[in-house]
Amino acid sequence: LCVPAVPVLFKQALENMDMEEGKSVSLRCELTKTDATVVWKKGEATLQASAKYEMKQKGTVAELVIHNAEPEDA
């Protein structure tokens with residue numbers, strides 16, 4: 001018996017947030033599967049973990065923390 005894979009969907013999508021320049025801002029989304037791979041992008045560029053970008057994933061919740069936020073991070 002072959003069971004087709006169920007696609008990963010967003011249970012809770014990203015929301016627009018106001019940010020204060022120089023502070024940290026956290027963006028979260030919730031997925032329908034715990035084993036989904038999340039890739040964070042800004043436009044076409046894939047963000048990599050660094051001192052500026054921190055990626056976390058616990059269960060179905062994926063989070064991107066942007067440290068020292070700047071207007072260019074919009």
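Residues numbered from 1 in each chain as written. Predicted model: local features only at pLDDT ≥ 70, side-chain atom pairs only at ≥ 80, totals over all residues. Heavy atoms only, no water.

- Named according to an unreviewed UniProt entry, the protein chain is OBSCN protein originating from Anthoscopus minutus.

## Focus: the layout of surface pockets
Then step 1. Its boundaries defined by the atoms lining it, the largest pocket holds a volume of some 420 Å³.
Then step 2. Taken together, 17 residues form the lining of the largest pocket, with Met17, Leu27, Ile66, Asp73 and Ala74 sitting closest to its centre.
Then step 3. Mapped by element, the contributors of at least two residues to the lining of the largest pocket are strand 2 (25-31), strand 3 (41-42) and strand 6 (61-66).
Then step 4. Class assignment of the residues belonging to the lining of the largest pocket gives a composition of 11 nonpolar, one polar and five charged. (1 Å grid on protein atoms, 1.4 Å probe; cavity = no way out; pocket = protein on both sides within 12 Å on 5 of 7 lines; lining within 4 Å. Points joined across faces, edges and corners; volume = space filled by probe spheres on them. Helix = DSSP H or I, 4+ residues; strand = E, 2+ residues; numbered from the N terminus. Nonpolar A, V, L, I, M, F, W, Y, C, P; charged D, E, K, R; others polar.)

## Things to note about the pairing of strand 5 (residues 53-58)
Then step 1. As paired strands, strand 5 and strand 6 are joined by six bridges and run antiparallel to one another. Pairing of glutamate 54 across the sheet is with valine 65, part of strand 6.
Then step 2. Once strand 5 ends, the chain turns through two residues before running back antiparallel as strand 6, passing glycine 59 with a positive phi of about 60 degrees. (Pairing = 2+ DSSP bridges.)

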